[in-house]
Amino acid sequence: MQTDKILETIKMIDEECLDIRTITMGISLLDCADADIHVSCAKIEEKICRLAKDLVKTGDDISREYGIPVVNKRISVTPISMLVAASGGDPVEYALTLERCAQKLGVNFIGGYSALVQKGFASGDRELIDSIPRALAATDHVCASVNIGSTKAGINMDAVKRMGQVVRECAELTADQNCMAAAKLVVFCNAPEDNPFMAGAFHGVGEGDCVINVGVSGPGVVRATLAKAPKTAPMDELADLIKRTAFKITRMGQMVGREASRRLGVPFGIVDLSLAPTPAVGDSVAYILEEMGLQTCGAYGTTACLAMLNDAVKKGGVMATSHVGGLSGAFIPVSEDAGMIHAAQSGCLCLEKLEAMTAVCSVGLDMIVVPGDTNADIISGMIADEAAIGMVNTKTTAVRVIPAIGRKVGEVLDFGGLLGSGPVIPINQENNAIFVNRGGRIPAPLQALKN
């Protein structure tokens, strides 16, 4: 233990917003399936509350003993559509069961109200998707996700069309709550099965019965490191600084994950290397990009800077842990990033630039507030475009947009907490209805044929 390294870590935590963003327990519910939905719900509640009874306490204990903030304690579960297939009935019963578990255990969110429909709809999928607006409106802690495409399967355009409608319905049902339901729903292409971050976390069918996954953070630490570099330093030197910093951040995540795993008696899964911003001053991915030499995030050069940041974070992080997973890169959620909010309000950061940035970063169009009169077809078009980027580039992309019902461009939607607040940004409203209504599937690209 070197004194200078200890002091450096203390400074990262106290002054540069370093934290463990989430300890997420993934729980398989496959053994809770039953032909009677009420029996299935009872099994789910018993299993989740038994396995996760000490999750919050363990996170708090580690935070107190090591002096490392553990911001969120969360749970992800098997995609609920699979249980609906066995039980039938109203899927919202499952959402209400998950909500009871979250309230009993004190976790921040519980994810997995999900369906995987990249190649078509199986039994239970349509029922769950149709119920998402009601489920999210009736709960505070439940998050939903739907995977509508993949590099191997192509894009399910029937699902794309329906999800545009579902996003709109979510916003309308919770218009008096700042359209919060839409903020708890994400539409994926190439969704990872071990993602610890919400709203997209679910426990994949290839995962074990129970596992601990950790999501780290630290945009403020990376920015502070780059701020110390000379303005004349070449980009490869900046990349090296980012790699070294990412190593330190990930090492801390590895330590916390291993310790949580030991105390809970649950196998350790992965560390997600993602730089996840918050609305806190200084804890911003946009500020990192600006530290590289951009006046404002969104200026020409932004995509290049983000590509280098994403790559350097991965290269540094993989050396610090044996198991990397989840999304692992840099998040650009507009409402959760103070620098992104400023750039969007100034007009420098537009939706088209954000879409270009998603081709090189961790996720996609995330926490973007659009005008309240945006119709479902426009939202479906956004989903299709993002899915195409993910499909062709063999990467995860996603859409989490919030139609601000009753609000226009320039107004602000305030979600509170880590979700922050976002300005309503202008978007292209040209008609795309014929395209969206064609349905069918966009075939998988040639690069999917790797065998």
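So, here's what we can say about the structure.

Conventions used here
Residues numbered from 1 in each chain as written. Predicted model: local features only at pLDDT ≥ 70, side-chain atom pairs only at ≥ 80, totals over all residues. Heavy atoms only, no water. Patch = residues over 30% accessible without salt bridge, like charges linked within 9 Å, V, L, I, M, F, W, Y side chains within 5 Å. Areas by Shrake-Rupley, 256 points an atom, 1.4 Å probe, with all protein chains shown as cover. Salt bridge = Lys/Arg side-chain N within 4 Å of Asp/Glu carboxyl O. Helix = DSSP H or I, 4+ residues; strand = E, 2+ residues; numbered from the N terminus. Buried < 20%, exposed > 50% of the residue type's maximum accessible area, 1.4 Å probe, protein only. Contact = heavy atoms within 4.5 Å. Phe/Tyr/Trp six-rings, centres within 6.5 Å; stacked < 30°, edge-to-face > 60°. Lys NZ or Arg CZ within 6 Å of the ring centre and 35° of its normal. Expected span 1.5 Å × (residues − 1). Polar contact = N/O pair within 3.5 Å; in protein donor to acceptor, adjacent residues only side chain to side chain. 1 Å grid on protein atoms, 1.4 Å probe; cavity = no way out; pocket = protein on both sides within 12 Å on 5 of 7 lines; lining within 4 Å. Points joined across faces, edges and corners; volume = space filled by probe spheres on them. Nonpolar A, V, L, I, M, F, W, Y, C, P; charged D, E, K, R; others polar. Core = buried A, V, L, I, M, F, W, Y, C linked by side-chain atoms within 4.5 Å. Lys, Arg positive; Asp, Glu negative; His and termini not counted. Charge placed at Lys NZ, Arg CZ, Asp CG, Glu CD. Arc of directions from axis to C-beta. Axes fitted to C-alpha atoms, helices over the stretch in contact; angles between N-to-C directions. Parallel < 35°, antiparallel > 145°, perpendicular 65-115°, else oblique. Left-handed = near helix turned anticlockwise from the far one by under 90°.

1. Here we look at a nonpolar patch on the surface
- Taken together, Phe247, Val318, Met319 and Val324 make up a surface patch of nonpolar side chains, about 350 Å² in accessible area.
- Along the polypeptide, Phe247 turns up in helix H10 (residues 235-264).
- Residue classification places Phe247 among the partly exposed residues on the basis of a relative accessible area of 33%.

2. A short note on the side chain of Ser131
- Tracing the backbone through its elements, the reader meets Ser131 in helix H6 (residues 125-137).
- Overall, Ser131 belongs to the buried group, its relative accessible area being 1%.
- Beyond its immediate stretch of four places on either side in the chain, Ser131 contacts Pro91, Val92 and Tyr113.

3. Some details on the packing of aromatic side chains
- Taken as a whole, this structure holds 1 aromatic pair when the rule is applied.
- Between the NZ or CZ atom of Arg126 and the centre of the ring of Phe121, over which it lies, the distance is 3.9 Å.

4. A look at helix H2 (residues 37-51)
- Here H2 spans 21 Å end to end across 15 residues, near enough to the 21 Å set by a 1.5 Å rise per residue.
- Taken as a whole, H2 has its buried residues at Ile37, Ser40, Cys41, Ile44, Glu45, Lys47, Ile48 and Cys49.
- Buried residues in H2 make contact with strand S1 (20-27), strand S2 (70-77), helix H4 (81-87), helix H5 (92-105) and strand S3 (110-116).
- Capping the start of H2, Asp36 holds a side-chain oxygen 2.8 Å from the backbone nitrogen of His38, two or three residues further along.

5. Remarks on the pattern of salt bridges
- Following the criterion strictly, the structure yields 23 salt bridges and no others.
- Between Arg168 and Glu172 there is a salt bridge; the shortest N-O distance is 2.9 Å. Linking Arg168 with Glu172, this pair stays in helix H7 (residues 157-173), spanning 4 residues, or about one helical turn.
- With a relative accessible area of 17%, Arg168 lands in the buried category.
- For Glu172, a relative accessible area of 41% corresponds to the partly exposed category.
- Note that Glu336 and Arg400 form a salt bridge whose closest N and O atoms lie 3.4 Å from each other. Note that Glu336 is positioned in the loop between helix H12 (302-318) and helix H13 (338-346) and Arg400 in strand S10 (residues 397-404), a separation of 64 residues in sequence. Take Glu336 and Arg400: they sit in the same class, and that class is buried.

6. Some thoughts on empty space enclosed by the protein
- Evaluation of the coordinates by the stated rule reveals 1 cavity of 30 Å³ or more.
- For the largest cavity, the calculated volume is near 40 Å³.
- What lines the largest cavity is simply Val216, Ala246, Ile249, Thr250, Leu273, Leu275 and Val313.
- Of the residues forming the lining of the largest cavity, the biggest block, 3 residues, is contributed by H10.
- Of the residues in the lining of the largest cavity, the class split is 6 nonpolar, 1 polar and no charged.

7. Quick notes on the nonpolar core
- Counting 128 residues, the largest nonpolar core has Ile48, Ile75, Tyr113, Ile132, Ile148 and Leu309 as its most contacted members.
- With sequence-adjacent residues up to four places away left out, Ile48 is seen in contact with Ile27, Leu29, Lys53, Ile75, Val77, Leu98, Cys101, Leu105 and Ile110.
- Met198, Phe202, Phe331 and Ala398 belong to the second-largest nonpolar core, a separate cluster that totals 15 residues.

8. Description of a positive patch on the surface
- A surface patch of positive charge is lined by Lys119, Lys152, Arg441 and Lys450.
- The exposed category is assigned to Lys152, whose relative accessible area is 59%.

9. Remarks on helix H14 (residues 351-358)
- For H14, every residue scored as buried is listed here: Leu351, Lys353, Leu354, Met357 and Thr358. All buried residues of H14 lie within an arc of 160 degrees about the axis, which places them on one face of the element.
- For H14, the secondary structure elements touched by its buried residues are helix H11 (285-291), H12, H13, strand S9 (365-371), helix H15 (376-393) and S10.

10. So, the packing of H12 against H14
- Closest axis-to-axis distance for the H12/H14 pair is 9 Å, and the angle between their directions is 30 degrees. The angle between H12 and H14 falls in the class roughly parallel. As for the relative orientation of H12 and H14, their crossing is right-handed in sense. Two secondary-structure elements touch here, H12 through Thr302, Thr303 and Leu306 and H14 through Lys353, Ala356 and Met357.
- Among the residues forming the contact of H12 with H14, the class breakdown is 3 nonpolar, 2 polar and 1 charged.

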